[in-house]
Amino acid sequence: MQEDLAVQERKLRNLILIAGGLSVFVLAPMAFGLSEAYRGNIYQVGVLKPIDSVLRVKASDRAPDFTLSSVSGEKVSLSQFRGKKNVVLSFVPAAWTPVCSDQWPGYNIAKDIFSRYDAILLGVTVDNIPTLFAWTNQMGQLWFPVLSDFWPHGAVAKRYGVLRSNGVSERALFVIDKAGIIRYIDVHDINKRPPLEDLMGALEKLK
Amino acid sequence: MKSISIPFAVTALLISTIVLPALAANKPPQKGEGLPVINLPVPKDPEERNYLGLSGIGLFKIPQIKAKTVIVEFFSMYCPICQKDAPGVNELYRLIEKNPDIKNKVKLIGIGAGNSPYEVGVYKKTYDVPFPLFPDKDFEIHQACGEVRTPYYMVVKMNEDGTHQIVHSQLGDYPGAEKFLELILNVSGLK
């Protein structure tokens, strides 16, 4: 009887150990570099399929135009920058998720570098405006427009071929020159943040 | 009974072999413990080398820094709170440097969790950070230190016998340069 109990206890211990061990693998990679700014408000998505869509544009194509509402209220069209600014389109998958929450705040302190390349940044997600408002408020004052591709849901992401099968977008960067031509595309592994130097290298080539 | 328990024991052994190192690194080093082994490149900038009391090239470990106490900040250029606190941490450096009693005893370094050298450079330039910052592009150091969220501060005391121990650590909640310096001096016995 005592031996029975001991075995049961051992089984339980083993189960706890296995469950604990597995949870480390599931959760740990998502904690990478996460800022304390969001405290308990980040939803852990786990490790996702790196890319889950097929591009519908390529470098040297004319960038499909779009008009989207921004968090600050005005509508923003890609075509309004034609002949004036290079454009970096930064799609991130979703508000309140781990890597995304740590991407735009970095761009927010790199305004001078974007300016050096005469570039404007447009941040896009498929979230609605109230969600984007609450989320981006945690990042401090952003210098670039944040656009909502919520309705028709993910239409712009779909047009560019970066809408994933579950309705969020890829973590994707498009560099569009002043003539409106796509010059660089990085559909990044959704689980990782694209290094800033890769994007700046692409802007450097526009000079 | 034994035949039932053996597979479990084997599984447990296997799992613990694979998982325990990860578990150990999943927890930040605690007060009273030593630092995990962290290899950092000796700074190329002679002023930074001089500040840390290092010479030559190659790698060094934090306890090799010539100081009684080393403050290690885990930051990221992508972290809004690190950005907000950056001027206050710079002020801490300046308070230490202008006080002749502690100038050569307390040193400050930053480790950019998941930040490439370029990204650390952007952070350093944006906030004009006067103390040495080190990139940790692949999160190796960050993983070894329990994947702490940022900003995370560790105060490390160097003992006379060459050993060292963490005497304080905190996640965020930067109280301002003066208060933090007072805390550092208290916990490291320099006051």
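## Points about the overall build of chain A
A tally of helices and strands in chain A yields 7 helices and 7 strands. Ordered by position from N to C terminus, the α and β elements of chain A give α-β-β-β-α-α-α-β-α-β-α-β-β-α. Out of the 207 residues in chain A, the part that is buried amounts to 37%. Put simply, of all contacts in chain A between residues at least 6 apart along the chain, 69% involve residues at least 24 apart.

## Examining the confidence of the model for chain B
Close inspection of predicted coordinates is inappropriate in any region flagged by low pLDDT. Residue and element names in this part refer to chain B. Per-chain confidence: chain B averages 86 in pLDDT, with 86% of residues scoring 70 or above. With pLDDT under 50 throughout, residues 13-24 is counted as low confidence; its partners more than four residues away or in other chains account for 9 contacts. Model confidence for the complex is summarised by a pTM of 0.80, with the ipTM given as 0.77.

## A closer look at the packing of helix H3 (residues 80-97) of chain B against helix H6 (residues 177-187) of chain B
Residue and element names in this part refer to chain B. Where H3 meets H6, the closest approach of the two axes is 9 Å, and the angle between their N-to-C directions is 55°. Considering the angle they form, H3 stands oblique to H6. Crossing handedness for the pair H3 and H6: right-handed. The residues of H6 that touch H3, namely those facing Gly88, Glu91, Leu92, Leu95 and Ile96, are Ala177, Glu178, Phe180 and Leu181. Split by residue class, the contact of H3 with H6 holds 6 nonpolar, 1 polar and 2 charged.

## Regarding H3 of chain B
The end-to-end C-alpha distance of H3 of chain B is 26 Å, a good match for the 26 Å that 18 residues give at a rise of 1.5 Å each. At Ala86 of chain B, H3 of chain B shows its largest bend, some 45°, and a proline, Pro87 of chain B, comes one to four positions later. Among the residues of H3 of chain B, those classed as buried are Pro80, Ile81, Cys82, Gln83, Asp85, Ala86, Val89, Leu92 and Ile96 of chain B. Residues of H3 of chain B that are buried make contact with helix H3 (104-108) of chain A together with strand S3 (69-75), strand S4 (106-113), helix H4 (117-127) and H6 of chain B.

## Focus on the sheet that holds strand S6 (residues 171-176) of chain A
Within a sheet, adjacent strands bond to each other through the backbone by hydrogen bonds, running parallel or antiparallel. Residues and elements named next belong to chain A. With mixed pairing, 7 strands are arranged side by side in an open sheet as S2-S1-S5-S4-S3-S6-S7. A single partner strand is all that each edge strand has here, and the edge strands are strand S2 (75-77) and strand S7 (182-188). With direction set aside, neighbouring strand axes in the sheet form an average angle of 30°. Both strand S3 (residues 86-91) and strand S4 (residues 119-125) contribute to a ladder of 6 bridges, which runs parallel. Among the inter-strand pairings, Asn86 is bridged to a residue of S4, identified as Ala119. Sheet strands in contact with helix H5 (residues 129-137) are strand S1 (67-70), S4 and strand S5 (146-148), and its direction is about 155° off that of S5.

## A few points about the nonpolar core
Counting 85 residues, the largest nonpolar core has Val88, Leu89 and Phe174 of chain A together with Val70, Ile71 and Val72 of chain B as the members making the most contacts within it. Every residue in contact with Phe174 of chain A, bar those within four places of it in the chain, is listed here: Ala63, Leu89, Tyr160, Ile182 and Ile185 of chain A.

## Some words on the pairing of S4 of chain A
Residues and elements named next belong to chain A. Among the 7 residues that make up S4, 6 are buried, leaving the element largely enclosed by the rest of the structure. Taken together, the 3 bridges between S4 and S5 define a ladder with parallel strand orientation. Its bridge partner lying in S5, Gly123 is registered against Val146.

## Some remarks on the sheet that holds strand S6 (residues 152-158) of chain B
All names here are of chain B. Reading across the sheet, the 5 strands line up as S5-S4-S3-S6-S7 and stay open at both edges, with mixed pairing between neighbours. The open sheet has two edge strands, strand S5 (133-136) and strand S7 (164-171), and neither has a second partner. On average, each strand axis in the sheet is inclined to that of its neighbour by 20°, with strand direction left out of account. Those strands touched by H4 are S4 and S5, and its axis lies near 145° from that of S5. On top of the sheet, H6 reaches S3, S4, S6 and S7; it is set at about 150° to S7, its chief contact.

## Here's the deal with the pairing of S1 of chain A
Residue and element names in this part refer to chain A. Here 3 bridges tie S1 to S2, and the two strands are oriented antiparallel to one another. If you follow Leu68 over to S2, its bridge partner there is Val76. Counting the residues in the hairpin turn of S1 and S2 gives 4 residues, including Gly73, whose phi is positive at 115°. Of the strand pairs in this sheet, S1 and S5 are connected by 2 bridges, and their pairing is antiparallel. Bridging across to S5, Ser70 finds its partner in Leu147.

## Regarding unusual backbone geometry
A cis geometry characterises the amide bond from Trp151 of chain A onward to Pro152 of chain A, with omega recorded as -10°. Secondary-structure assignment places Pro152 of chain A in the loop between S5 and helix H6 (155-160). Residues Thr150 of chain B and Pro151 of chain B are joined by a peptide bond in cis, for which omega reads -5°. Its identity as a non-glycine residue notwithstanding, Trp96 of chain A has a phi of 60°, on the positive side.

## Section: helix H7 (residues 196-204) of chain A
Where H7 of chain A is concerned, the buried positions are Leu196, Leu199, Ala202 and Leu203 of chain A. Viewed along the axis of H7 of chain A, the buried residues span an arc of 130°, placing them on a single side of the element. Exposed and facing more than 90 degrees away from the buried side of H7 of chain A are Gly201 and Glu204 of chain A. Buried residues along H7 of chain A sit against S3, H3, S4, S6 and S7 of chain A together with H4 of chain B.

## Here's the deal with the environment of Ile185 of chain A
Residue and element names in this part refer to chain A. Mapped onto the elements, Ile185 comes out in strand S7. Judged by the 19 C-beta atoms lying within 10 Å of it, Ile185 is partly exposed. C-alpha separation for the pair Ile185 and Ala59, spaced 126 residues apart in sequence, amounts to 6.7 Å. The residues contacting Ile185, other than those within four sequence positions of it, are Leu55, Ala59 and Phe174.

Rules behind the numbers
Residues numbered from 1 in each chain as written. Chains lettered and ligands numbered in written order. Predicted model: local features only at pLDDT ≥ 70, side-chain atom pairs only at ≥ 80, totals over all residues. Helix = DSSP H or I, 4+ residues; strand = E, 2+ residues; numbered from the N terminus. Buried ≥ 20, exposed ≤ 12 C-beta atoms within 10 Å, placed from the backbone. Contact = placed C-beta atoms within 7 Å. pLDDT = per-residue confidence, 0-100. Axes fitted to C-alpha atoms, helices over the stretch in contact; angles between N-to-C directions. Parallel < 35°, antiparallel > 145°, perpendicular 65-115°, else oblique. Left-handed = near helix turned anticlockwise from the far one by under 90°. Nonpolar A, V, L, I, M, F, W, Y, C, P; charged D, E, K, R; others polar. Expected span 1.5 Å × (residues − 1). Bend = angle between axes of the 7 residues up to and from the residue. Pairing = 2+ DSSP bridges. Core = buried A, V, L, I, M, F, W, Y, C linked by C-beta atoms within 7 Å. Arc of directions from axis to C-beta.

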